[in-house]
Each structure stands twice: as structure tokens, then as C-alpha cells.
Amino acid sequence: MIREKLAAGVKIILFLVIGVVAFGALQGILVPKYETDKLEQFYALEENSIDVISLGTSHMEVAFSPMDIYEEYGFSSYNLASSGQPVSVSYYLAKEALEYQSPKVIVLDASNLFFSVNDDVTKWRYVMDAMHYGDRKIEMALDFGERFPEEGTVSALFPLHRYHTRWNELNEEDFITDLNEYYSFGQDMVLNMASPPVDREGMNVLAEREDESYSQTERESGQTIISDEILEHQYSAEISKENEQYLLKLRDLCRENGVELLVTKIPSIQDPEVYNSAWTWTRYDITRSICEKNGIEYMDLLYDATDYIIDYTTDFRDGGYHLSFRGAEKASSYLGMFLQETYHLEHSVNSQYEEKTPLYEKEKQRILLHTELDFWTYMQRLSEYKEENAEIFITGAANMLSGLNDDYKAQLAALGLQTDFNQYTQGAYLAYIKNDTVPYEAYSSLTASYECPLEDDTMVHLEATGRENSWYTSITFPFTDEEGNEVNFTRYDSSLTIVVYSPEDEEILDNAYFILNEDGTVSRVWQ
């Protein structure tokens, strides 16, 4: 009898254990992976190994580079910012972080101080769904349930309740749990780059003209000058009482744990009527006033850092909303210097950062190549890739190449190319560079073509026609993209096309098109 009861008890326990494991696995698959990798790598860090933690919105997420700061200044940091992160979420995330780390400084980007109180549900879930179960998650879930009763606390604690119908949205990433390739320690590394439509002074002029009531009146009278969506996210120069309270709660949390709090602002430059995070003089003054009144250190990259010089052609990735990778390098360097000098952070070897450095440098090299506009510098970076055994494919029109100045031609020669471009003013040019050698290079007065063998014996097809008014260059790979389209790089003008391919990763690292301007300069153009 006792044996039977024991056996029944064991069965019940096993059933419950299997049920919990299955529930956890299913939830892990169905919950979107917004910030899962970021938090999981944070949880995997060696305890008390981080000197600085950054919090805030996507401005901080893309701009604060722990790897660049570690390489330049030698102290360890982690980027826990996320898209649209409300200051209330920053507070809960700080509480969670302080259970695992004892940083000397927490850095908060000030953008979220001006967000509305009840922000988008997803901005909370980005962080909350990825947090481990514990007191901090329960506290956050209770707050979430009060703010968003349609979602509820149960959904916050058990996100499977919300995402159980997400089967048709699943992709490969939902089943990947390996963090070996996650090397940026929270920074969102991005490739694209574009200059903003206004500069800092222009943004403030537009802010002075901003009149919400006028815009509303114009809209209601039928003279629509801004959309309903923009009106819903109207620029505001006021910090709500609740946001101020959460800033003070974050300050008090830091003081209780012996942590310094630094509020900063990553540059974001846009028309205030278009972008509610445009950082104007008015917002700067309000933020500085609140910080000074409450004993919080404030340093603004846009208005305080007089020796931090913005390059409007390279430092922004999307028209002024966020910094580009190059802008992030610059911002991280300045912030790193400020943090080291202000808080006396010391150099310390971190084995986890040392381990990830080669992967980070590899991706960084790719991003710098992809975003390089200057032809001279691009050629220099190509030389670095040549040494890394990448394969380089080149097609071009001879009249474009012959028009290059001697310095540009010297850069081509540094790649190992032997053609004397001064001899040709018309025709087609092809080149193939592999393992620091040039297996194929050719010029034709009319049309040229060549099949370049890859390691799997498939062929990359190069073709060019150099007749005036009939220019054509093409580089075609023997595989398709994610949508099933042929991977092909074609131009119908007098230009130079360069494609960089990694046989090790079996992927295209970059493709670039360059044209010769009338003044002899060379410009990179986008397809």
C-alpha cells in the first residue's frame, strides 16, 4: 500500500516537473525575442564584473558601445537600453541589474523623461518578457497590470498567455538559444547611414515655431499639415510628474546601492513636429534644472560637450533620429572619457570581453566598410579584407577608371591590380582578387565576361560592356536571397562595382558602386 502511494506520488511529481519544463520550453519559443539575447547575456556575465550600466531608449541602445569603451579605456560596461524604454521600465531594469552586478555608475539617456505616462505596451514587454522570474519581475508585472488592465498581471508573468497564437509568425531565430555570436554587450550595431534634414540650430528654430493648437486648428479646418499619428506623438517640452518621480526613485535606488547616477543625452536632431524625441534647448534646460535641483549629475552631448563635434554627413543613420555606427564610436569615446575622468574608473582585464573582441572587430570592420563613402579610405579597407582572405569581385567601365587621379590609381594597384588604366578611355574591365592574389584581371574594348570559381565549385559570373552610351556591368552569384531572387549587382552607367564575399561565412560582406564626378572626385552611390 505504501509502495503504491509512493509510486503515485512520484508519478504526480514527474508529471508536474514535465509539465513545468514543457510550459517553459513552449513559452521560450513563442515569446518574441525582442531583448532576450541582451538580457540572457547580461545574466551570463560574471557576477560584479561590470563598472557601468546604460539605460534608456533606442538612442542609447545604438550609441553606447561597451566594446569600444573597453578597448579604449579598459573598464567594462553593459548596454541595457531598449527601443522606447520608458523611465519607469528603466527603474525596474536597474533594480534587476543590481541583483547581479555592482556597477559604479548607471547612465540614463534623458529622452524617456519626456515620454507620455502610459507608453506602448510593447515597450514594457520588450524588457519584462525577457526578465528572469523573481521579486523584481513580480513587482514590475503588478505595475504593468495596473497600467494596462486589458493585458493584465497574469499575462505579464506568463507571456505564453499573450503569445499562444503566434505559431504562424515563428522563424529560425525563435528556436536559437546559442549566445556564442552575441558580442556587442547590449549595443544595437547598425549598418545604414544618412544625414539629418536639419542641424542643431535649425531644429531649435523649428521648435520655436512649434504651436500645437495652431496645428490642431489647421487640421480640423481641412488644411492638414501634419498627420494624426504625428499629433498623437506630439513634441512636448514638459516632464510629467510620474516620470520625474521615477527619475527620483532611480536616484534613490542608486544611492542605496552606492552607485552614481549620470543622466546624459545622446544626440537626436530632427524637426520637432515630426519627431517627439527631437532634443531642443528647451528640453535641455528643463532636464538640467530637474537634475541640478535633485542632486543628479547631468552631461549633455549635444549642448554641454563643446569639444564633441557632430559630422552631419556621417554621424546619423536615419536622418537624425539615431546615431550611425560611426556616430556611436564618437559618442562612446566621449562618454568613456567623461566616465573615466569623473568617476575614476580603472582599467581591468575582463576575460568575457577579451573573448568576444575578435568577433566584435570582425563585425566592426564590415560595418566600417559598408558605411565608407570616401573612395580612398574604402580602398584601404579593401586591402585589410584582402589580407583576411575575403574574395573581391570588380567590374567597371574603362573611361571611369582612366579618369581617376594618380592617388586613386595607386590605391587600386595596392590591391594587386596590374592594368595601366591610362592606356584605355573606352571598354570594359573585370578583376577577381582571392587570397592576396589576382587570379583574373582583364580589359576588353567591347565586352568582357568571366566565371570565378567559389570553393563549392559554383561560379560567380562577371560581365561588363564599355561602349559609350551602352555601359553595363554585372556581378551574379550562384545563389538566391531570402526572397528567392537571384543575387545580382548590375549597373547601366559608367561606374565601378565592387563586391566583397566571405567564403568562410558564405555571405556577401559588402557591395559598393562608385562614379567619377566632373571635378575628378569619386562618389559612392546607392543602388
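Residues numbered from 1 in each chain as written. Predicted model: local features only at pLDDT ≥ 70, side-chain atom pairs only at ≥ 80, totals over all residues. Heavy atoms only, no water.

Trainee: Quick one: what's the story with the nonpolar core, residue by residue and with numbers?
Mentor: In this structure, Leu 80, Ile 106, Leu 301 and Leu 339 are the most contacted members of the largest nonpolar core, which totals 84 residues. The residues contacting Leu 339, other than those within four sequence positions of it, are Val 52, Phe 64, Phe 75, Val 105, Val 107, Leu 262, His 344 and Leu 345. One finds Met 379, Leu 412, Tyr 429 and Phe 514 within the second-largest nonpolar core, a separate group that totals 27 residues. (Core = buried A, V, L, I, M, F, W, Y, C linked by side-chain atoms within 4.5 Å. Buried < 20%, exposed > 50% of the residue type's maximum accessible area, 1.4 Å probe, protein only. Contact = heavy atoms within 4.5 Å.)

Trainee: Go over the pairing of strand β3 (residues 105–109) with me, naming the residues and quoting the values.
Mentor: Summarising burial for β3: 5 of the 5 residues are buried, a large majority. Along β3, one buried face is formed by Val 105, Val 107 and Asp 109 and the opposite face, lined by Ile 106 and Leu 108, is buried too. Sheet analysis places strand β1 (residues 52–55) next to β3, joined by 4 bridges and oriented parallel. Across the sheet, residue Ser 54 finds its bridge partner in β3, namely Val 107. Direction of pairing for β3 relative to strand β4 (residues 260–265): parallel, over a ladder of 5 bridges. Bridged to Val 107 within β4 is Leu 262. (Helix = DSSP H or I, 4+ residues; strand = E, 2+ residues; numbered from the N terminus. Pairing = 2+ DSSP bridges.)

Trainee: Tell me what's going on with the packing of helix α4 (residues 66–73) against helix α16 (residues 351–370), and back it up with residues and numbers.
Mentor: The N-to-C vectors of α4 and α16 enclose an angle of 115°; their axes lie 10 Å apart at closest approach. Considered as vectors, α4 and α16 are oriented roughly perpendicular to each other. Taken as a pair, α4 and α16 cross one another with a handedness that is left-handed. Seen from α4, the contacting residues are Pro 66, Met 67, Asp 68, Tyr 70 and Glu 71; seen from α16, they are Tyr 353, Glu 354, Lys 356, Thr 357, Tyr 360, Glu 361 and Lys 364. Along the lines of polarity and charge, the residues of the contact of α4 with α16 split into 5 nonpolar, 1 polar and 6 charged. (Axes fitted to C-alpha atoms, helices over the stretch in contact; angles between N-to-C directions. Parallel < 35°, antiparallel > 145°, perpendicular 65-115°, else oblique. Left-handed = near helix turned anticlockwise from the far one by under 90°. Nonpolar A, V, L, I, M, F, W, Y, C, P; charged D, E, K, R; others polar.)

Trainee: Tell me about the pattern of salt bridges, residues and numbers included.
Mentor: A side chain of one charge can pair with a side chain of the opposite charge if their charged atoms are brought near each other. Overall, the coordinates contain 22 salt bridges when judged by the stated rule. A salt bridge links Lys 265 to Asp 109; the nearest nitrogen and oxygen atoms lie 4.0 Å apart. In this pair, Lys 265 sits in strand β4 while Asp 109 sits in strand β3, placing the two residues 156 residues apart along the sequence. With relative accessibility at 0%, the residue Lys 265 sits in the buried group. Residue Asp 109 is classed as buried on the basis of its relative accessible area of 0%. When the shortest N-O distance is used, the salt bridge between Glu 244 and Lys 293 registers 3.6 Å. (Salt bridge = Lys/Arg side-chain N within 4 Å of Asp/Glu carboxyl O.)

Trainee: Outline the sheet that holds strand β6 (residues 391–397), listing residues and values.
Mentor: Taken in spatial order, the 6 strands make up an open sheet running β8-β7-β6-β13-β14-β15, and their pairing is antiparallel. Two strands close off the open sheet at either side, each with one partner strand: β8 (437–444) and β15 (522–525). Strand-to-strand twist in this sheet, taken as the mean axis angle between neighbours without regard to direction, amounts to 15°. In the sheet, β6 pairs with strand β7 (residues 428–434) via 6 bridges, with the strands oriented antiparallel. Note that in β7 the partner of Ile 394 across the bridge is Ala 431. On top of the sheet, α16 reaches β13 (495–502), β14 (507–516) and β15; it is set at about 25° to β14, its chief contact.

Trainee: Explain helix α13 (residues 241–256) residue by residue, including any values.
Mentor: Since the α-helix advances by 3.6 residues per turn, residues separated by three or four positions end up pointing in the same direction. The first and last C-alpha atoms of α13 sit 22 Å apart over 16 residues, in line with the 22 Å expected at 1.5 Å per residue. By the burial criterion, the buried members of α13 are Asn 243, Glu 244, Tyr 246, Leu 247, Leu 248, Leu 250, Arg 251, Leu 253 and Cys 254. Buried residues along α13 sit against α5 (87–97), β3, α7 (135–147), β4 and α14 (281–293). (Expected span 1.5 Å × (residues − 1).)

Trainee: Lay out the packing of α5 against α13 in plain terms, naming residues and giving numbers.
Mentor: Two elements in contact, α5 and α13, have axes separated by 8 Å at closest approach and are oriented at 15°. By the angle between their directions, the pair α5 and α13 is classed as roughly parallel. Along this stretch, α5 crosses α13, giving a crossing that reads as left-handed. Each of Val 87, Ser 88, Tyr 91, Tyr 92, Ala 94 and Lys 95 in α5 lies in contact with α13, whose residues at this interface are Asn 243, Tyr 246, Leu 247, Lys 249, Leu 250 and Leu 253.

Trainee: Break down the confidence of the model for the protein for me, with residues and values.
Mentor: Averaged over every residue, the pLDDT of the protein is 81; the share at 70 or more is 77%. Per-element mean pLDDT across the protein ranges from 35 in helix α11 (residues 212–220) up to 98 in β3. Low pLDDT, under 50, characterises residues 14–31; the stretch is placed with 25 contacts to residues that sit more than four places away or in other chains. Confidence drops under pLDDT 50 across residues 211–233; counting only partners more than four residues distant or on other chains, this segment forms 18 contacts. (pLDDT = per-residue confidence, 0-100.)

Trainee: Which residues make up the pairing of β8, and what values do they have?
Mentor: Bridging between β7 and β8 involves 6 bridges; their strand directions are antiparallel. Bridging from a neighbouring strand, Ala 428 pairs with Ser 444 of β8. Between the antiparallel neighbours β7 and β8 lie 2 residues, among them Asn 435 with a positive phi of about 50°.

Trainee: Would you mind going over the packing of aromatic side chains in detail, with residue names and values included?
Mentor: This structure, assessed with the given rule, holds 29 aromatic pairs. Here Tyr 284 and Tyr 303 contribute two aromatic rings whose centre-to-centre distance is 5.3 Å and whose plane-to-plane angle is 50°, an arrangement assigned as tilted. Here the residue Tyr 284 occupies a position in helix α14, and Tyr 303 occupies one in the loop between β5 (297–300) and α15 (325–343), the gap between them amounting to 19 residues. Looking at Tyr 284, the relative accessible area reads 9%, which means it is buried. Each residue in the set Tyr 91, Tyr 92, Trp 124, Phe 144, Phe 148 and Tyr 246 is aromatic and connected to the rest through ring pairs, giving one cluster. Across from the ring centre of Tyr 513, 5.1 Å away, lies the NZ or CZ of Arg 491, which sits over that ring. (Phe/Tyr/Trp six-rings, centres within 6.5 Å; stacked < 30°, edge-to-face > 60°. Lys NZ or Arg CZ within 6 Å of the ring centre and 35° of its normal.)

Trainee: Can you explain the side chain of Glu 244? Please cite residues and give values.
Mentor: The topology assignment puts Glu 244 in helix α13. Residue contacts for Glu 244: discarding those within four places in its chain leaves Ile 239, Ile 290, Lys 293 and Asn 294.

Trainee: Explain the sheet that holds β1 residue by residue, including any values.
Mentor: What holds strands together in a sheet is hydrogen bonding between their backbones, with the strands either parallel or antiparallel. Taken in spatial order, the 5 strands line up as β2-β1-β3-β4-β5 in an open sheet, and their pairing is parallel. For this open sheet the edge positions go to β2 (77–79) and β5, each flanked by a neighbour on one side alone. Between one strand axis and the next, the sheet turns through 20° on average, direction left out of account. Pairing of β1 with β2 involves 3 bridges; the strand directions are parallel. Bridge assignment links Ser 54 to a residue of β2, and that residue is Asn 79.

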